[in-house]
Amino acid sequence: MYVSDLALTDFRSYQHVVLSLEPGITAFVGQNGQGKTNLVEAIAYLATFSSHRVAGDAALVRAGAERAFVQAKVVRGDRPVLLELEIVAGRANRARLNRSPLTRTRDLLGHLRTVLFAPEDLALVKGDPDGRRRFLDDLLTLLGPRMAGVRSDYERVVKQRNALLKTAASARRAGSDGDIRTLDVWDAKAAAIGAELVAARVRLLRMLRPHVQTAYEQVSGGQGTAEVAYRVRVGSGDAEEVEEDELVDAAAVETRLLEAMRRLRSREIERGVSLVGPHRDDVDLTLGGLPAKGYASHGESWSFALALRLASYEVLRTEHDLDVDGEPVLILDDVFAELDARRRERLAALVAPAQQVLITAAVAEDVPAALTGARLDVVNGTVGRGA
Ligand SMILES: Nc1ncnc2c1ncn2[C@@H]1O[C@H](COP(=O)(O)OP(=O)(O)O)[C@@H](O)[C@H]1O
Ligand SMILES: [Mg+2]
């Protein structure tokens with residue numbers, strides 16, 4: 001698939017901008033702060049409803065405006081689809097598909113797929129578990145938009161369960177156990193939905209694994225074996241050894257979660273937070289058997305981060321349930337300036353054949369020769385055909 005047209009209204013720095021794109025390679029070139037990332041961020045947001053730069057929506061709406069509009073025409077097979085999203089800070093977004101309003105905004109997901117590489121990706125390797133969890137969950141949502149529902153259901157249940165744990169603490173002090181019985185109901189809900197999410201993540205990790213290994217070899221030039229493994233964490237970060245075969249079985253995970261909740265109940269009430277479930281888990285990344293975090297060099301960490309993104313691209317390209325043309329649009333936001341010459345060339349060679357590659361760079365020289373294509377100059381919020 002590829003994006004053929006993009007229109008932004010009151011998105012980030014853009015009051016209004018319209019541009020057409022071709023399949024193949026396009027580089028957005030311009031000095032810092034000119035609005036390059038804003039363009040590709042809008043495209044990725046349409047595909048994922050999330051931004052690689054901010055958690056909330058507020059920063060996406062142009063300062064002083066009330067709402068932002070992102071419209072894109074996506075060509076998939078021979079059928080163009082028109083995607084439209086209205087972003088209202090702090091309120092639910094609204095979506096239209098081929099000009100028809102959607103009752104559920106998340107039904108817009110799945111029509112456009114993107115894989116975005118950005119300097120922030122280094123945190124996948126060096127940063128906290130929440131980035132790695134988001135990596136898996138975002139990819140799950142791209143593979144099957146139904147997972148967006150499972151994720152938000154789970155978040156809601158954990159929030160309510162945490163609130164209940166807090167009131168249970170005060171009830172316990174007052175000598176009542178009323179809330180404790182309600183807690184059983186929420187344990188059951190959290191375990192059922194949580195288990196579905198864990199099993200989906202581990203199945204995804206199995207799909208990613210061979211691609212991560214190959215991509216790591218390709219990017220690093222064949223040094224070391226990159227491994228990914230799901231890490232169940234219980235309590236305050238203690239890792240628990242669980243066979244992967246057990247983790248792909250949602251029923252087995254549900255039983256395990258319920259059992260852990262029973263075991264941890266006193267501590268959970270004491271702390272007022274849910275101490276077990278997919279919101280606590282992590283992905284172990286190892287290089288030649290050693291944890292990447294803490295052991296890997298800067299260059300190796302970059303290779304690993306790139307391998308995770310390249311593997312996502314392969315999984316989306318090959319294991320999709322779309323009827324036609326699931327190949328995602330590749331977005332490389334300012335990554336080449338971060339990489340040494342060899343990694344830069346190897347990454348360029350790997351992404352060059354993709355159906356559509358959108359690149360941002362401060363100077364044209366940062367874009368490797370293998371990625372020569374169309375060039376658009378971005379100057380102070382105007383986008384024009386470059387030299
Ligand atoms: N919500 C917003 N309203 C107005 N301007 C914004 C908003 N968010 C970001 N900007 C502006 O957009 C510019 C950054 O654009 P960006 O696309 O990140 O630049 P770059 O070309 O370096 O990638 C900055 O000048 C920033 O102030
Ligand atoms: Mg930028």
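Our subject is the structure that appears above.
Residues numbered from 1 in each chain as written. Chains lettered and ligands numbered in written order. Predicted model: local features only at pLDDT ≥ 70, side-chain atom pairs only at ≥ 80, totals over all residues. Heavy atoms only, no water.

Peer 1: Teacher, can you tell me more about the nonpolar core here?
Peer 2: In a soluble, globular protein the nonpolar side chains are often hidden away together inside. Residues Leu 112, Leu 208, Phe 304 and Leu 347 are the most contacted members of the largest nonpolar core, which totals 126 residues. No other element matches helix H5 (residues 178-220), which puts 18 residues into this core. For Leu 208, the residues in contact, after removing those within four places along its chain, are Phe 135, Leu 136, Leu 139, Ala 311, Ser 312 and Val 315. (Core = buried A, V, L, I, M, F, W, Y, C linked by side-chain atoms within 4.5 Å. Buried < 20%, exposed > 50% of the residue type's maximum accessible area, 1.4 Å probe, protein only. Helix = DSSP H or I, 4+ residues; strand = E, 2+ residues; numbered from the N terminus. Contact = heavy atoms within 4.5 Å.)

Peer 1: Honestly, the side chain of Asp 10 in this entry has me stumped. Any pointers?
Peer 2: For Asp 10, the position within the fold is in strand S1 (residues 2-11). Side-chain polar atoms of Asp 10 contact the side chain of Arg 62, separated by 2.8 Å. With residues up to four places along the chain from it excluded, the contact list for Asp 10 reads Gln 15, Leu 60, Val 61, Arg 62, Ala 65, Arg 67 and Ala 68. (Polar contact = N/O pair within 3.5 Å; in protein donor to acceptor, adjacent residues only side chain to side chain.)

Peer 1: Just to check I follow, could you spell out the pairing of strand S4 (residues 67-76) for this structure?
Peer 2: Each regular strand displays side chains that alternate between the two surfaces of the sheet. For S1 and S4, the ladder comprises 7 bridges, and the chain directions are antiparallel. Across the sheet, the residue bridging to Thr 9 is Phe 69, located in S4. Remark: 2 residues form the turn of the hairpin made by S4 and strand S5 (residues 79-88), two consecutive strands paired antiparallel; Gly 77 in that turn has positive phi of roughly 60 degrees. (Pairing = 2+ DSSP bridges.)

Peer 1: Is there a simple way to think about the sheet that holds strand S2 (residues 14-20) in this case?
Peer 2: Strands in a sheet are paired, the pairing made by backbone hydrogen bonds, and the direction either parallel or antiparallel. What the 6 strands build is an open sheet, ordered S2-S1-S4-S5-S6-S7; its pairing is antiparallel. Only two strands of the sheet have a single partner each, and these edge strands are S2 and strand S7 (100-101). Helix H1 (residues 36-48) contacts S1, S2, S4 and S5 of the sheet and is inclined by roughly 110 degrees relative to S1. (Axes fitted to C-alpha atoms, helices over the stretch in contact; angles between N-to-C directions.)

Peer 1: Looking at this structure, how should I read the pairing of strand S8 (residues 114-117)?
Peer 2: By the alternation rule, side chains of S8 split into Thr 114 and Leu 116 and Val 115 and Phe 117, which are all buried. Bridging between S8 and strand S13 (residues 329-333) involves 4 bridges; their strand directions are parallel. Directly across from Thr 114, in S13, lies its bridge partner Val 329.

Peer 1: What is the right way to look at the packing of aromatic side chains in this model?
Peer 2: The description of an aromatic ring pair uses the distance of the two centres, along with the angle that the planes make with each other. In the structure shown here, the tally under the stated rule is 2 aromatic pairs. Plain terms: the ring middles of Tyr 45 and Phe 49 are 6.3 Å apart, the flat faces sit at 35 degrees to each other, and that makes the pair tilted. Tyr 45 gets classed as buried once you look at its relative accessible area, which sits at 3%. Under the relative-accessibility criterion, Phe 49 is labelled partly exposed at 22%. (Phe/Tyr/Trp six-rings, centres within 6.5 Å; stacked < 30°, edge-to-face > 60°.)

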